Amino acid sequence: MGITVGKCGSGAAEKHNYEYDLFVLGGGSGGISVAREASKFGAKVGLCDYVIPSGTGTVWGLGGTCVNVGCIPKKIMHHAALVGETLTEANFYGWDVNSNLPENKWADLVAGSQGHIKSLNWGYKLVLHEAAVKYFNEFASFVDSHTIKTTNSKGVSTNRTANRIVIAVGGRPRYLDIPGGMKDEFTVTSDDIFSLSYNPGDVLCVGGSYVALECASFLAGLGYTVTVMARSILLRGMDRQMAGYIQSNMEAKGIKFKLNCAPTSITKLSDGTPPTLQVTAKSADGVFNGEYNTVLVAIGRDAATKDLTLENAGVIVNPENGRIPTNSRDQTNVKNIYAIGDVADNRPELTPVAIKAGLLLARRLFDGRRVLMDYTRIPTTVYTQLEYSCVGLSEDEALEKYGKSSIEIYHTTFTPLEFQLPMKTEYVCYIKILTLKSDKERIVGFHYLGPNAGEVCQGFAVAIRLGARKSDLDATCGIHPTNAETATTLTITKSSGQQAVHTAC
Ligand code: NAP
């Protein structure tokens, strides 16, 4: 799973005079993972988690971004949108739903999703309790490199000392630095949208990355009118060809795009639930004005390091983004202080990455193990209505790293069987595999745009981690009829110039 190095930790038994063997700042994916695992090895562990309200006052329980305002509510809403799409196709399969399709009831969806999240919050408390991790619903800041001041909601502070400290406080959405776009003004973020107490109405999603596109997709799928406004390209850092297909698939679902366009001011035209907002924006074509009910800002996230008084402990942050640089052992510049998850500089902002980093760190610190977190070849999925998943290099990265003559690209479009009866032609489904010719066509990139992309890509990520070659895919029998089997039957190369179309039976 990871990379093995020389001995790192010396176990919970290391002699010290501090109250805790380990104190963790942050009760999200990374924090809970490291705390729980450390406790298994007999470490005395404390953990602090405290949510500062969003601009609209949203707060949540234990579990961090993923559970409360990220992956979990997003996937529930994404699934709700897919259920809606399935309803529109049901009559093609003999279901008598030809009459008017029902509307999605936003309040019911929010209630169901928030109910599930509350159960997860409770579950995490139980997990910590069972692991004998001492949990404090208090805000933590540094007094020195071994002392944490924790402050409760009544303003009462306590100093707690620890031999080792892990910072896993994650990040929070950035707001727009324009009139009307500040934290306490007229926009909402991913901190708010999943629990919005009113139907969002016509939505403008500002930003061109995961959060903006995923939210735009499920909102459109639920029946709202949605526009995406991105100041430059979509999905920076991801495969350009795939980003283009994602845009065209979203457009096919009625989502409008304003690219190379950025808001300059937002004013409230009328109060209400939802309110009416006027957005003024600037693009190469000039000034644009639009009216929306909800402006969802998804322009990236800032590490939640501002109020940690890290300077008291001597921990260095990257001044450009507030994130904490760490070495391959997830250690900061201060020997006994570590940082994992979204707060760590130059690490993928993904839940499974934080969880795995936390587990491995605890094992190194308290069980004498040596395995380091491998931050490469991490699979990821963009949950747009038609999902996209990938692992390894984008085409541009592969060409830049190895040169055009060293890369062979196998690809094809395909039509899922489940698209045939409803004659679903609006989406492009596409698979692309990048191989390194000089290494017997070892796979260096896998890209899949189609139904259930996350489920499809997970297994291929294992194969690629094990060094799979194109010949391994060819030698593997497909599972018929599936979309994933397309990866085992790829014959058309980009260099051949042949049309990349897979004919299904
Ligand atoms: P992001 O990936 O950091 O992208 C920020 C986007 O906002 C970019 O399109 C950027 O444009 C734009 N932007 C930045 N400042 C702006 C401004 N002042 N005005 C207008 N646009 C601006 O942000 P994100 O979508 O919030 O995602 C954060 C992280 O969460 C991601 O890196 C991802 O790892 C993680 N995430 C993962 C998933 C998943 O696994 N499915 C889902 C959601 C989030 P430029 O390209 O021009 O800079």
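Because the structure is a prediction, the values reported are computed rather than measured. (Residues numbered from 1 in each chain as written. Predicted model: local features only at pLDDT ≥ 70, side-chain atom pairs only at ≥ 80, totals over all residues. Heavy atoms only, no water.)

## Observations concerning empty space enclosed by the protein
Rules: Both cavities and pockets are sets of points on a 1 Å grid over the protein atoms alone; in a cavity a 1.4 Å probe fits but cannot get out, in a pocket the set is open with protein on both sides within 12 Å along at least five of seven lines, and lining residues sit with an atom within 4 Å of a point. Grid points are joined across faces, edges and corners, and a volume is the space filled by probe spheres set on the points. Starting at the N terminus, helices and strands are each numbered in turn, a helix being any DSSP run of H or I of at least four residues and a strand any DSSP run of E of at least two. The nonpolar class holds Ala, Val, Leu, Ile, Met, Phe, Trp, Tyr, Cys and Pro. Asp, Glu, Lys and Arg form the charged class, and all remaining residues, Gly among them, are polar.
Applying the stated rule across the entire model yields 1 cavity of 30 Å³ or more. Of the volumes computed, that of the largest cavity is approximately 40 Å³. Taken together, Ser217, Ile246, Asn249, Met250, Lys253, Ile255, Thr384, Gln385, Leu386 and Tyr427 form the lining of the largest cavity. Of the residues forming the lining of the largest cavity, the biggest block, 3 residues, is contributed by helix H7 (residues 240–252). Tallied by class, the residues present in the lining of the largest cavity amount to 5 nonpolar, 4 polar and 1 charged.

## A few points about the packing of helix H3 (residues 71–89) against helix H6 (residues 210–221)
Heads up, the rule is: To get an axis, fit a line to the C-alpha atoms, keeping to the stretch in contact for a helix; angles then go from 0 to 180 degrees between the N-to-C directions. An angle below 35 degrees is treated as roughly parallel, one above 145 as roughly antiparallel, one from 65 to 115 as roughly perpendicular, and anything else as oblique. By definition, turning the near helix anticlockwise from the far helix through less than a right angle yields a left-handed crossing, and turning it clockwise yields a right-handed one. Only heavy atoms matter for contacts: two residues are in contact if any of them lie within 4.5 Å across the pair.
Following both chains from N to C, one finds H3 and H6 inclined at 40°, their axes separated by 8 Å at the closest point. Overall, the two elements H3 and H6 adopt an arrangement that is oblique. Relative to H6, H3 is oriented so that their crossing is left-handed. Facing H3, whose interface residues are Lys74, Met77, His78 and Ala81, H6 presents Glu214, Phe218 and Gly221. In the contact of H3 with H6, the residues fall into 3 nonpolar, 2 polar and 2 charged.

## Quick word on H6
How we decide: Each helix should span, by expectation, one fewer than its residue count multiplied by 1.5 Å. Burial here depends on accessible area, computed with a 1.4 Å probe over protein chains only, as a share of the maximum for the residue type. Under 20% is buried, over 50% is exposed, and the range in between is partly exposed.
Across its 12 residues, H6 extends 16 Å between first and last C-alpha, which sits within 8% of the 16 Å expected from 1.5 Å per residue. Along H6, 9 of the 12 residues are buried, which leaves the element largely enclosed by surrounding structure. If you check which residues of H6 are buried, you get Ala212, Leu213, Glu214, Cys215, Ala216, Ser217, Phe218, Leu219 and Ala220. Looking one or two residues past H6, Gly223 carries a phi angle of roughly 110°, positive in sign.

## Regarding a nonpolar patch on the surface
Filter applied, for reference: Patch membership is restricted to residues that have no salt bridge and whose relative accessible area is over 30%. Joining uses 9 Å for like charges and 5 Å for the nonpolar side chains Val, Leu, Ile, Met, Phe, Trp and Tyr. For accessible areas, the Shrake-Rupley method is used with a probe of radius 1.4 Å. Any residue's cover is judged against the shown protein chains and nothing else. By salt bridge we mean one thing: a side-chain nitrogen of Lys or Arg within 4 Å of a carboxyl oxygen of Asp or Glu.
Together, Phe92, Tyr93, Trp95, Leu421 and Met423 give the surface a local cluster of nonpolar side chains, amounting to about 580 Å² of exposed area. Within the secondary structure, Met423 sits in the loop between strand S21 (407–413) and strand S22 (430–436). On the basis of relative accessibility, which here comes to 58%, the residue Met423 falls in the exposed class.

## Observations regarding the UniProt feature "domain: Pyridine nucleotide-disulphide oxidoreductase dimerisation" (unreviewed entry) in the chain
As a reminder of what qualifies: UniProt positions are given in the numbering used here, feature names are shortened, and annotations may be inferred rather than shown by experiment.
If you check UniProt for "domain: Pyridine nucleotide-disulphide oxidoreductase dimerisation" (unreviewed entry), the listed places come out as residues 378–489 in our numbering. A helix fraction of 24% and a strand fraction of 27% characterise residues 378–489, whose end C-alpha atoms lie 24 Å from each other.

## Let's talk about the layout of surface pockets
In this structure, the second largest pocket encloses a volume near 400 Å³. If you trace the second largest pocket, you find 17 residues lining it, with Gly84, Glu85, Thr88, Gly221 and Leu222 closest to the centre. Among the secondary structure elements, those contributing two or more residues to the lining of the second largest pocket are H3 and H6. Per element, the largest residue contribution to the lining of the second largest pocket is 7 residues, and it comes from H3. Residue composition of the lining of the second largest pocket, by class: 8 nonpolar, 6 polar and 3 charged.

## Things to note about the sheet that holds S22
For clarity, the cut-off: Here, a strand pair is defined by DSSP locating no fewer than two bridges between the strands.
A sheet is described by the order of its strands in space; here 5 strands give the open sequence S19-S20-S23-S22-S21, paired in antiparallel fashion. Every interior strand has two partners, whereas the edge strands, strand S19 (380–382) and S21, have only one. Strand-to-strand twist of the sheet, defined as the mean angle between neighbouring strand axes without regard to direction, takes the value 15°. In the sheet, S22 pairs with strand S23 (residues 442–449) via 7 bridges, with the strands oriented antiparallel.

## Describing the site of the ligand
Where we set the bar: Any residue with at least one heavy atom within 4 Å of a molecule or strand is counted as near it. Think of a polar contact as two N or O atoms within 3.5 Å of one another; within protein, one of them needs to be a possible hydrogen donor and the other a possible acceptor, and neighboring residues in sequence only count if both atoms come from side chains.
Close contacts around the ligand come from 20 residues, with Ser209, Arg231, Ser232, Arg236 and Thr381 the closest. Contacts to the ligand include Arg236, whose side-chain N or O atom sits 2.7 Å from an oxygen atom. With respect to the ligand, the backbone of Gly300 contributes an N or O atom lying 3.4 Å from an oxygen atom. Taken by itself the ligand offers 920 Å² of open surface, and the protein chains cover 78% of this. Elements represented by at least two residues in the shell around the ligand include exactly H6 and S19. Among the elements that line the shell around the ligand, the one with the most residues is H6, at 3 residues.

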